[in-house]
Amino acid sequence: MAAPCKIALKQAFRGEILHFLDDPTKIEADQSFEHHVDGVLLLEDGIVTKLGDAKDILPNLDDDVELTHYQDSLIMPGFIDTHAHYPQTEMIASFGEQLLGWLETYAFPTEAKFSDLEYASKQAEFFLDQLLSNGTTTALVFGTVHPESVEAFFEKAQEKSLRMICGKVLMDRNAPDNLQDTAQGGIDESRALIEKWHGNGRLQYAITPRFAPTSSDEQLKLAGELLAEHPGVYMHTHLAENKDEVAWVKSLFPDCEKYLDVYAKYGLLGRRSLF
């Protein structure tokens, strides 16, 4: 018996449309974008198949196309957030102390909850819904030291067909005991997550030392080796956010002239490294 023929879901969105074609620093600025004062975006099964002026597209639309007209609105591609901590969602707007004290008072206690997969799943769902409600469809996101935090995040992102990049935090010193992994253990957990999730649908992985002070020399070295082993993944960490932090890094890594040199020393500085 022949399989039933699948009917494509066709949708069209009409409104003012702006999208970008190339980097305006590499080509003429006025050629780097396309703008339609009255445009139509046509989708078939969620894939863009046509984009142009309404006067050109509307006369040729099939009768089965569902048309939505957004008047006085601007239709754009999804935004990209290059640095976010989804486990810190519930503590947004906590009193702005200096960085190191703020971590100990607010961030670390909150992140300890993410060893619970069910809790992490609820927070991931809320975080992703908040991104979507503000037009963000791709983000580079910190998990916590717990692999469960990344599992929950990727599962929810995949359910929503989002392009997300995330990583388990590497942190084997200078943090509460319940938020520390080990140099080798953190790398082993990261490798397993890479093998399961990187390139799975629209998802990608980022090797994620929290910042230089919370990873030992051994963990940073192993992280660099893991990055070399998987050149397609990203590296995501922090750099020079606070004067006390910079001084602390200098005391922990006296052989490095600058903060960035610490990451370079361990092979963590490259084209896919984000700070």
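Up top is the structure.
Residues numbered from 1 in each chain as written. Predicted model: local features only at pLDDT ≥ 70, side-chain atom pairs only at ≥ 80, totals over all residues. Heavy atoms only, no water.

(A) Focus on the overall build of the protein. In terms of regular secondary structure, the protein is built from 8 helices and 11 strands. In terms of overall dimensions, the protein has a C-alpha envelope of 70 × 55 × 40 Å along the principal axes. Contacts in the protein between residues at least 24 apart in sequence constitute 70% of all its contacts with a sequence separation of at least 6. In the structure as shown, the protein presents an accessible area of about 14,700 Å², 52% of it carried by carbon and sulfur atoms. (Helix = DSSP H or I, 4+ residues; strand = E, 2+ residues; numbered from the N terminus. Contact = heavy atoms within 4.5 Å. Areas by Shrake-Rupley, 256 points an atom, 1.4 Å probe, with all protein chains shown as cover.)

(B) Local environment of the pattern of salt bridges. If you walk through the whole model with that rule in mind, you get 17 salt bridges. Between Arg 210 and Glu 111 there is a salt bridge, with its nearest N and O atoms 2.8 Å apart. Of the two residues, Arg 210 sits in the loop between β9 (204–209) and α6 (217–229) while Glu 111 sits in helix α2 (residues 99–111), which places them 99 residues apart along the sequence. Here Asp 129 makes a salt bridge to Lys 160, at a shortest N to O gap of 2.9 Å. Remark: Lys 160 occurs in the loop between α4 (147–159) and β7 (163–167) and Asp 129 occurs in helix α3 (residues 117–133); sequence separation between them is 31 residues. Through salt bridges that share partners, Glu 125, Asp 129, Lys 156, Glu 159 and Lys 160 make up one connected network. (Salt bridge = Lys/Arg side-chain N within 4 Å of Asp/Glu carboxyl O.)

(C) Spotlight on the sheet that holds strand β1 (residues 10–20). Within the open sheet, the 4 strands sit side by side as β3-β2-β1-β4. Their pairing is mixed. Edge strands, defined here as strands with exactly one partner in the open sheet, are β3 (47–53) and β4 (66–75). When the angles between neighbouring strand axes are averaged without regard to direction, this sheet yields 30 degrees. (Pairing = 2+ DSSP bridges. Axes fitted to C-alpha atoms, helices over the stretch in contact; angles between N-to-C directions.)

(D) Spotlight on the packing of helix α5 (residues 183–197) against α6. Following both chains from N to C, one finds α5 and α6 inclined at 20 degrees, their axes separated by 9 Å at the closest point. Accordingly, the angle class assigned to the pair α5 and α6 is roughly parallel. Handedness of the crossing formed by α5 with α6: right-handed. Contact with α5, carried on its side by Ala 183, Gln 184, Ile 187, Ser 190, Arg 191 and Ile 194, involves Glu 218, Gln 219, Leu 222, Ala 223, Leu 226 and Glu 229 of α6 and no other residues of that element. In terms of residue class, the contact of α5 with α6 is made up of 6 nonpolar, 3 polar and 3 charged. (Parallel < 35°, antiparallel > 145°, perpendicular 65-115°, else oblique. Left-handed = near helix turned anticlockwise from the far one by under 90°. Nonpolar A, V, L, I, M, F, W, Y, C, P; charged D, E, K, R; others polar.)

(E) Spotlight on a nonpolar patch on the surface. Together, Phe 20, Phe 33, Leu 74, Met 76 and Phe 79 make up an exposed nonpolar region whose accessible area comes to about 470 Å². With relative accessibility at 33%, the residue Met 76 sits in the partly exposed group. (Patch = residues over 30% accessible without salt bridge, like charges linked within 9 Å, V, L, I, M, F, W, Y side chains within 5 Å. Buried < 20%, exposed > 50% of the residue type's maximum accessible area, 1.4 Å probe, protein only.)

(F) Examining the packing of aromatic side chains more closely. Under the definition given, this model contains 11 aromatic pairs. Measuring from centroid to centroid gives 5.5 Å for Tyr 86 and Phe 114, while their planes differ by 85 degrees, and the two rings are edge-to-face. With Tyr 86 in the loop between β5 (79–85) and α2 and Phe 114 in the loop between α2 and α3, this residue pair connects regions lying 28 residues apart in the sequence. Comparing Tyr 86 with Phe 114 shows no difference in burial state: the two are buried. (Phe/Tyr/Trp six-rings, centres within 6.5 Å; stacked < 30°, edge-to-face > 60°.)

(G) Up close: the packing of α4 against α5. Contact geometry of α4 with α5 gives a least axis separation of 11 Å together with a crossing angle of 15 degrees. As judged from the angle between their axes, α4 and α5 are roughly parallel. Here α4 runs over α5; the crossing is right-handed. Taking contact as the criterion, the partners of Pro 147, Val 150, Glu 151, Phe 154, Glu 155 and Gln 158 in α4 are, on α5, Glu 189, Leu 193, Lys 196 and Trp 197.

(H) Summary view of the side chain of Glu 151. Considering the arrangement of structural elements, one finds Glu 151 in helix α4. Among residues more than four places away in sequence, those in contact with Glu 151 are Leu 117, Leu 193, Lys 196 and Trp 197.

(I) A look at the layout of surface pockets. Taken as a whole, the largest pocket holds about 360 Å³ of empty space. Contributing to the lining of the largest pocket are 14 residues, with Leu 41, Leu 43, Ile 75, Met 76 and Pro 77 lying nearest its centre. Elements supplying a minimum of two residues to the lining of the largest pocket: β1, β2 (33–44), β3 and β4. For the lining of the largest pocket, the class distribution of residues is 12 nonpolar, 2 polar and no charged. Here the second largest pocket is characterised by a volume of approximately 310 Å³. Class assignment for the residues of the lining of the second largest pocket results in 5 nonpolar, 5 polar and 1 charged. (1 Å grid on protein atoms, 1.4 Å probe; cavity = no way out; pocket = protein on both sides within 12 Å on 5 of 7 lines; lining within 4 Å. Points joined across faces, edges and corners; volume = space filled by probe spheres on them.)

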